[in-house]
Amino acid sequence: MSLHDDAALVLKGYDDPADPAQGELRQVYLDHLAQHPDGMWKACGAGHLTASALVVDPERGRVLLTLHRKLRMWLQMGGHCEPQDASLADAALREATEESGITGLTLLAGGPVRLDRHAIPAPCHWHLDVQYAALAPSGSTEQISDESLDLRWFAYEEVASVADTSVVRLMERARAALDRR
């Protein structure tokens, strides 16, 4: 199965009954894939899917955020899909592992926890981010990557004071998914 096909299948199965806007956004993603065979790749000028993961340490009630080198914002780990990624989940896990330096991360079962579409500078116009939650193994140690200015754990209640609303919403959805498991 191609990455494009995997993404379409994942999105068709994604549902967030708590947020009807997520269903509308899901359809935007599916329409984008249907119209753009290259919609998974950075080269797609109309926008492309990306994969990210919020690294969560539920034992300590905290999340790991990266101070993005280019954007200078506290964000979850994530980025562009690569040809070696067999699935969106693989891309999200690869990005989270590379950017956090933590080995042994596992994605929370059940697929993505949120979708987030955001504008980016030309030549491309949109990132259509498929967001997962990644669980940090007990006692894990993070290591900053070249893509970050800083890497730091934040208690759940601190996130709103350092990150934008997209990260706060992702954390809320990740926590809700954790509560359901």
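This structure is a prediction, so every number in the text was calculated from the model and none was measured.

**Description of the overall build of the protein chain**
In step 1: Helix and strand content of the protein chain: 5 helices and 8 strands.
In step 2: Seen in sequence order, the protein chain has helices and strands lined up from the N terminus as α-α-β-β-β-β-α-β-β-β-β-α-α.
In step 3: Looking at the 181 residues of the protein chain, the share that counts as buried comes to 49%.
In step 4: Intrachain contacts of the protein chain at a sequence separation of at least 6 include 66% that bridge at least 24 residues.
In step 5: In the protein chain, 17 positive and 27 negative side-chain charges are present, and the distance between their average locations comes to 3 Å.

**A short note on the side chain of Ser52**
In step 1: Locating Ser52 in the fold gives a position in strand 1 (residues 48–57).
In step 2: Classification of Ser52 as buried rests on a relative accessible area of 2%.
In step 3: A polar contact is formed between the side chain of Ser52 and the side chain of Gln76, at a distance of 3.2 Å.
In step 4: Here Ser52 is in contact with Gln76, Met77, Gly78, Ala92, Asp129, Val130, Gln131 and Tyr132, once residues within four sequence places are set aside.

**As for the packing of helix 1 (residues 3–13) against helix 2 (residues 20–35)**
In step 1: For the pair helix 1 and helix 2, the least separation of the axes is 10 Å and the interaxial angle reads 155 degrees. If you check the angle between helix 1 and helix 2, you find them roughly antiparallel. Crossing hand, helix 1 versus helix 2: left-handed. Contacts from His4, Ala7, Ala8, Leu11 and Lys12 of helix 1 reach helix 2 at Arg26, Tyr29, Leu30 and Leu33.
In step 2: Looking at the contact of helix 1 with helix 2 residue by residue, the classes come out as 6 nonpolar, 1 polar and 2 charged.

**Quick notes on the packing of aromatic side chains**
Think of a pair of aromatic rings as described by two things: how far the centres are apart, and how the planes are tilted against each other in angle.
In step 1: Counted by the stated rule, this structure contains 1 aromatic pair.
In step 2: If you follow Arg62 out to its NZ or CZ, it ends over the ring of Trp153, 4.1 Å from the centre.
In step 3: Arg117 extends its terminal NZ or CZ atom over the ring of Trp126, reaching a point 3.7 Å from the ring centre.

Calculation notes
Note on numbering: residues in each chain are counted from 1, in written sequence order. Reporting of local features is limited, given that this is a predicted model, to residues whose pLDDT is at least 70; pairs of side-chain atoms are given and counted only at 80 or more, and all residues count toward the totals for whole chains, interfaces and linings. As a rule here, side-chain values cover all heavy atoms of the structure and leave hydrogens and water aside. Under the scheme used here, helices are H or I runs from DSSP no shorter than 4 residues and strands are E runs no shorter than 2 residues, and both carry numbers assigned from the N terminus. Burial classification: accessible surface area is computed with a 1.4 Å probe over protein chains only, and a residue below 20% of its type maximum counts as buried, one above 50% as exposed, and the rest as partly exposed. Only heavy atoms matter for contacts: two residues are in contact if any of them lie within 4.5 Å across the pair. Under the counting rule used here, the positive set is Lys and Arg, the negative set is Asp and Glu, and His together with the chain ends is not counted. By convention, charge coordinates are those of NZ in Lys, CZ in Arg, CG in Asp, or CD in Glu. Side-chain atoms alone can form a polar contact between residues adjacent in sequence; in general such a contact is a pair of N or O atoms within 3.5 Å, and within protein one must be able to donate a hydrogen while the other accepts it. To obtain each axis, a line is fitted to C-alpha atoms, and for helices this fit is confined to the stretch in contact; angles are then taken between N-to-C directions over 0 to 180 degrees. Angle categories are assigned with fixed cut-offs, so that under 35 degrees is roughly parallel, over 145 is roughly antiparallel, 65 to 115 is roughly perpendicular, and the rest are oblique. Less than a right angle of anticlockwise turn of the near helix away from the far helix marks a crossing as left-handed, whereas a clockwise turn marks it as right-handed. Amino acids are sorted into nonpolar (Ala, Val, Leu, Ile, Met, Phe, Trp, Tyr, Cys and Pro), charged (Asp, Glu, Lys and Arg) and polar (every other residue, Gly among them). In this scheme Phe, Tyr and Trp rings, the latter by its six-membered ring, pair at centre separations within 6.5 Å, and the angle between planes marks the pair as stacked below 30 degrees, edge-to-face above 60, and tilted otherwise. By definition here, charges over rings are those cases where NZ of Lys or CZ of Arg is within 6 Å of the ring centre and within 35 degrees of the ring normal.

What is shown is where atoms sit, not what they do.
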